[in-house]
Amino acid sequence: MGSLFRSEEVCLAQLFLQSASAYSCISELGERGLLEFRDLNPKVSPFQRRFVGEVRRCEEMEKTFTFLQQELRAAGRLPAPCPESPRAPAAREALRVQEQSEQLAQELREVSRSRSSLRDRLRDLRQHLHVLREGQRFTSLPVGPGVPAGLGREPILDPSLHHHLDRKINFVAGVIHPWRVTAFERLLWRACRGYLVASFVEMPEPMEDPATGESITWVIFLISYWGEQIGQKIRKISNCFHCQVYGYPESEASRTEAITRLHGQIQELSTLEETEKYLAEVLDKVAQVLPTWRVQVQKMKAIYLVLNQCSFDVTKKCLIAEVWCPVRDLTQVQDALRQGSVSGSCFVQRVPTTESPPTLIRTNKFTAGFQSIVDAYGVASYQEVNPAPYAIITFPFIFAIMFGDVGHGLLMFLFALWMVLYEDSPRLRQGTNEIWLTFFEGRYLILLMGAFSIYTGFIYNECFSKATAIFPSAWSVATMANHSSWSSAYLATHPSLTLDPNVTGVFQGPYPFGIDPIWSLATNHLNFLNSFKMKMSVVLGIVHMGFGVMLGVFNHVHFQQRHRLVLEFLPEMIFLLALFGYLVFLIFYKWIKFSAADSRVAPSILIHFIDMFLFTSNAENLPLYPGQVPVQMVLVVLALASVPVLLLGTPLYQWCRQRAPRTVRPRAHDFAEIFMHQAIHTIEYCLGCVSNTASYLRLWALSLAHAQLSEVLWSMVMRNGFVGLSYVGGVVLVPVFAAFAVLTVAILLVMEGLSAFLHALRLHWVEFQNKFYVGAGYKLCPFAFAPDTWE
Amino acid sequence: MPGYSEFYFNVDHGYLEGLVRGFKAGILTSADYVNLAQCETLEDLKLHLQTTDYGNFLANETGPLTVSTIDEKLKTKLLTEFHYFRNHAFEPLATFLNFVTYSYMIDNVILLITGTLHQRPIAELAPKCHPLGSFEQMEAVSIASNPTELFNAILVDTPLAAFFQDCLSENDLDEMNIEIMRNKLYKSYLEAFYKFCEKQGGTTAEIMRPILEFEADRRAFIITINSFGTELSKDDREKLYPTCGKLYPEGLHLLANADDYEQVKRVAEYYADYKAVFEGVGSGTGEKTLEDAFFEHEVKLNVLAFNNQFHFGVFYAYVKLKEQECRNIVWIAECISQRHRTKINNYIPIF
């Protein structure tokens, strides 16, 4: 938890690794994931680095693995999940992996080749069989003597009819891809000028396409033609269209014979089954070892890529690596090196550096969500005050101010609680939906947001826009009625009545907790709440900003810039407190000083505040306390006087330090640059104080919008369900409640929740963090074999 | 509505234009070429290409790496990208992209006819065709014995039919006629493409005009230079010149009457662009050939296409630049594999 306040101390270190044990050392460090390696040869292109051969070997192996994986996938198998993280293989083991994997791949290749050749042969035979069978329909003689010889019944081409004309009819038969049929037919017709008869028919069963592996219904064609020249042309064309052409005997008898022969050959192809079985065995073996190998080789490749970033010392016996290392982990690193090295001569040494080290803030599952909110704005500069621990409380609180409703808060809290309780269930963890994962990552944030919303809901006294009366109201209507002697007739004619707090007994002091429920019946409910919420926003905003300015102190002290305490922090604080702090004081003073009795003469704070800047006083607006005008004048003068201090203080201080002879600095500071920077900062701060205070009014606006929206939902939807205390009313209530529930979740919880979240985010990033946070750092990315990078 | 294309261009073509600009960022830079030229073996070349946008395009090659595998894979990658464009394109971009493929189709048809003439089997020729220009009936080209048959039987269905009207003759297909046919096809193709771009108007026409004009003029120059010492008469030669270039009409007349290289060069001197191109050419060993000089000028024109938005020229330019890149990589790979390093720097850098 200590490192959450500011990032951990990180140092630059050199690792001296003996060539012999460098590999095992890096492997050990990768398992622990402690260090970020720096590239010492940025100018050397990847193929000129030292361990390029090893990297290439890993790539070769990966290529083999990809082949194996593809074969597995083609066979419809999934490799077994990797049991636990295997360590990077030692050189000899890597060699073994390589040998075995290549052997397996070779075996697999041979088996699948013989299988596919067998399959091809089988397909070929079956296609031939189909061609012959389908061809029969066109070329066979009519069966049976009883069939009359009519043109329609006669086969299209009867070779026997033409024998006596002494013209030889030849056939080209084969199969063609269905997509190519039309083009093929057209081209045949054009090229051969119609001296042929082509018939096409679909094959009765689909077969595999050898090119794509898809199963398609091929088309069988049978072309009859006269003359040898045309025959050649047809063969050429069918060749061009990648048709499979089969021999088609001319006589009926030899065709039947061919069919029986083909049947016989298909029967003979029983070796296919054995081959399939053997293939399955090989695949089993692959599925078992592949995942482990993959992880091992990935680790090995990563190690060599890191080694490629190291440089050699002069004796060439030792590799030098430069790393960013958290100071806390130095002993662990030493430990890892001792374990990894054979002879124990690998060691780590800190080196001084002027470079700014990377930022390392260790988080746990609770703080990670808050830290990521801060990191999304900018990673903290090295050792800067980290706003995340304060955001743990302020963020949900500011959210809740805008989202205050007991019912909605409770729903949100329960949703988050469910996620928190079942956070270890793999079903929640391994969702692939990005939006869901975002919610899941922020479950603790949502939990707190829900809890705080319940609290502010009680303060606002709103539960699904309805007030709850936990305590009896402090206002007594009976007393008022007795005092004014309201008759029934009077009550019937007057829809709205006034309760006067000045009448004794009507107002018995403040409600114990939150807003009195009687206000929800009042017509001036909104006026009352607006005044309350507006003042609350300003007060909270100024407290929040003041806290931000205070946090700057820790930065100034930590970075040994004590002059900034006086020259920056002090004027900033005076400026903020003298103007806006005074406003907060006025608000509280008026709340305490004026009661219902003298509320008619209570002065307006707004006019007083404007008069304060104009150095005037208004006769109609009574002073709040004696001596108000001189106090205000002093405060304004103080605030104005702090501006030049803020503007000129730091630049002049730097300038004086430069001029002082005893501190001659080699690097000349550019005075103009410092001055410009400070001027921008001053303008930003002074204008920011005004605009940021106004910006906090969004708390008021958003909470008002939320309350109004939920009230609208209640009165326009839910109230329609209350048609009467009958069975009909009960039935009507069901769909009305369904609509109410859906709208509540969709609009009030999700949409309003997101909007309040965004505004809370803005208030933190802009209004709070710009008071002290630079956020110009970069994260420490340790070299680690993270489990999520496998596969 | 030419002239207002900016307003509605993105509705139909915005996605693809964004995509092509993204792809353009992956074109190798001169720094990449310097690194590639330092490679010792093809494996080095592969390793370096892995660090660029080509990524793992050679990762699954088993067996030793050869220049032809590299070439094939480069072309496959371009083809994949182009098909993606084509499949997602609306009219008129779809037609525009079709036009881009026609030039490759012409080359393929001619290649197949020439190959058949030399008695090469079609199976050997087919892989040599550019994949961008392959079409269904392509391989059947070999059965034709004369241009009429070629047209009536095969090409009549293809988009090339429109360009074929000029080439119909009863002549046999010999080498000379094939060459003439190629140039006539190209001439009609370029003129049709030019007309199509003019019809699109707006920035598309503005960008494509110089590119196609240059293409036409380049062909005119090359036809002239190649026809020296052949039987081609000057009249016939003039008929082959595409008429959509800057040389039309006076320059083409002059070219038609040229008798040797010097006269061609003199014609080029009337035109500032071509003067510069011809001046860059030398006959020495370290100097550029005319072909390279033309390629260089083409690259320059194509790169300019990316300076404007809302037009189709980027697609044409991207394909052409990528093709040049393929040529460059293959050239470097050839030099590496043949250990002929002196000319390795004769590639044409793009960016």
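Values in this document were obtained by computation on a predicted structure and should not be read as measured data. (Residues numbered from 1 in each chain as written. Chains lettered and ligands numbered in written order. Predicted model: local features only at pLDDT ≥ 70, side-chain atom pairs only at ≥ 80, totals over all residues. Heavy atoms only, no water.)

A. Inspection of the packing of helix 11 (residues 367–377) of chain A against helix 25 (residues 727–768) of chain A at higher detail. Residues and elements named next belong to chain A. The interhelical angle for the contact between helix 11 and helix 25, taken along N-to-C directions, is 65 degrees, at an axis separation of 11 Å. Judged by the twist between their axes, the crossing of helix 11 over helix 25 is right-handed. Taking contact as the criterion, the partners of Ile373, Ala376 and Tyr377 in helix 11 are, on helix 25, Phe757, Leu761 and Trp765. Considered class by class, the residues forming the contact of helix 11 with helix 25 number six nonpolar, no polar and no charged. (Axes fitted to C-alpha atoms, helices over the stretch in contact; angles between N-to-C directions. Helix = DSSP H or I, 4+ residues; strand = E, 2+ residues; numbered from the N terminus. Left-handed = near helix turned anticlockwise from the far one by under 90°. Contact = heavy atoms within 4.5 Å. Nonpolar A, V, L, I, M, F, W, Y, C, P; charged D, E, K, R; others polar.)

B. Fine view of the UniProt feature "transmembrane region" (unreviewed entry) in chain A. All names here are of chain A. Here the UniProt-annotated "transmembrane region" (unreviewed entry) positions come out as residues 397–421, 538–557, 569–589, 631–653 and 725–751. Its end C-alpha atoms 23 Å apart, residues 397–421 is made of 88% helix and 0% strand. In residues 725–751, the share of helix is 93% and the share of strand is 0%. The end C-alpha atoms are 34 Å apart. (UniProt positions renumbered as here; feature names shortened; annotations may be inferred.)

C. Quick peek at the layout of surface pockets. Here the largest pocket is characterised by a volume of approximately 2,100 Å³. In terms of lining, the largest pocket is formed by 46 residues, of which the most central are Trp475, Pro501, Phe507, Trp519 and Phe528 of chain A. Elements supplying a minimum of two residues to the lining of the largest pocket: helix 19 (525–558) and helix 20 (563–593) of chain A. It is helix 19 of chain A that contributes the most residues to the lining of the largest pocket, seven residues altogether. Among the residues forming the lining of the largest pocket, the class breakdown is 31 nonpolar, ten polar and five charged. Here the second largest pocket defines a volume of roughly 1,600 Å³. Taken together, 47 residues line the second largest pocket, and the ones lying closest to its centre are Asp107, His130, Arg182, Glu323 and Arg327 of chain B. Looking at the lining of the second largest pocket, the elements with two or more residues in it are helix 4 (67–88), helix 5 (93–117), helix 8 (175–200), helix 9 (202–227), helix 14 (290–304) and helix 15 (313–337) of chain B. When the residues that make up the lining of the second largest pocket are grouped by side-chain class, the tally is 21 nonpolar, eleven polar and 15 charged. (1 Å grid on protein atoms, 1.4 Å probe; cavity = no way out; pocket = protein on both sides within 12 Å on 5 of 7 lines; lining within 4 Å. Points joined across faces, edges and corners; volume = space filled by probe spheres on them.)

D. Spotlight on the interface of chain A and chain B. Facing 24 residues of chain A, the contacting portion of chain B comprises 26 residues. Both faces considered, chain A and chain B share a buried interface measuring about 2,100 Å² in area, 56% of it formed by carbon and sulfur atoms. The largest share of the area that chain A buries against chain B comes from Phe47, Lys63 and Cys240 of chain A, three residues that together contribute 29% of it. At the boundary of chain A and chain B, one finds one salt bridge. A salt bridge links aspartate 44 of chain B to arginine 56 of chain A; the shortest N-O distance between them is 2.8 Å. Linking chain A to chain B there are one residue pair in polar contact (both at pLDDT 80 or more). Of all the secondary-structure elements, those providing two or more residues to the side of chain A that touches chain B are helix 3 (52–74), helix 6 (181–192) and helix 7 (228–240) of chain A. Of the residues assigned to the side of chain A that touches chain B, the class counts are ten nonpolar, five polar and nine charged. (Buried area = accessible area lost by both parts, 1.4 Å probe. Salt bridge = Lys/Arg side-chain N within 4 Å of Asp/Glu carboxyl O. Polar contact = N/O pair within 3.5 Å; in protein donor to acceptor, adjacent residues only side chain to side chain.)

E. Quick peek at the environment of glycine 581 of chain A. Residues and elements named next belong to chain A. Checked against the element boundaries, glycine 581 lands in helix 20. Overall, the relative accessible area of 18% leaves glycine 581 in the buried class. Spatially, the C-alpha atoms of glycine 581 and valine 538 are 9.9 Å apart, while their sequence positions differ by 43 residues. Non-local contacts of glycine 581, meaning those with residues more than four positions away in its chain, are made with Ile542 and Leu576. (Buried < 20%, exposed > 50% of the residue type's maximum accessible area, 1.4 Å probe, protein only.)

F. Region of the structure containing the environment of tyrosine 225 of chain A. Residue placement: tyrosine 225 of chain A occurs in strand 7 (residues 219–226). Tyrosine 225 of chain A sits 33 residues away from cysteine 192 of chain A along the chain, and the two C-alpha atoms are 9.6 Å apart.

G. Region of interest: the side chain of glutamate 8 of chain A. Residues and elements named next belong to chain A. Within the fold, glutamate 8 resides in the loop between helix 1 (2–5) and strand 1 (10–18). Here glutamate 8 falls in the buried class, since its relative accessible area comes to 8%. A distance of 3.4 Å separates polar atoms of two side chains, one belonging to glutamate 8 and the other to arginine 328. Here the side chain of glutamate 8 touches arginine 362 through a polar contact of 2.5 Å, side chain to side chain.

H. Broad picture of the packing of aromatic side chains. Per the stated rule, a full pass over the model turns up 67 aromatic pairs over all chains. For the pair tyrosine 377 of chain A and tryptophan 765 of chain A, a centre-to-centre distance of 6.0 Å together with 35 degrees between the ring planes defines the contact as tilted. Note that tyrosine 377 of chain A is positioned in helix 11 and tryptophan 765 of chain A in helix 25, a separation of 388 residues in sequence. You can call tyrosine 377 of chain A partly exposed: its relative accessible area is 36%. Exposure remark for tryptophan 765 of chain A: the relative accessible area of 22% places this residue in the partly exposed category. Ring pairing ties together the aromatic residues Phe9, Phe96, Phe99, Tyr102, Phe163, Tyr186, Tyr189, Phe193, Phe196, Phe310, Phe312 and Tyr316 of chain B, which thus form one cluster. (Phe/Tyr/Trp six-rings, centres within 6.5 Å; stacked < 30°, edge-to-face > 60°.)

I. Highlighting the nonpolar core. In this structure, Leu45, Phe96, Ile154, Phe193 and Phe315 of chain B are the most contacted members of the largest nonpolar core, which totals 147 residues. Apart from the residues lying within four places of it in its own chain, the contact partners of phenylalanine 96 of chain B are Phe193, Phe196, Cys197, Met208, Phe312, Gly313, Phe315 and Tyr316 of chain B. If you look at the next biggest cluster of nonpolar residues, it comprises 66 residues, including Ile401, Tyr625, Leu635 and Cys686 of chain A. (Core = buried A, V, L, I, M, F, W, Y, C linked by side-chain atoms within 4.5 Å.)

J. Summary view of the pairing of strand 1 of chain A. All names here are of chain A. With eight of nine residues buried, strand 1 lies mostly within the body of the structure. Where strand 1 and strand 10 (residues 318–326) come together, nine bridges link them in antiparallel fashion. Each residue of the ladder has a partner; that of alanine 13, found in strand 10, is valine 323. One ladder, built from five bridges, connects strand 1 with strand 11 (residues 347–351); its direction is antiparallel. Following the sheet pairing, phenylalanine 16 is matched in strand 11 by phenylalanine 347. (Pairing = 2+ DSSP bridges.)

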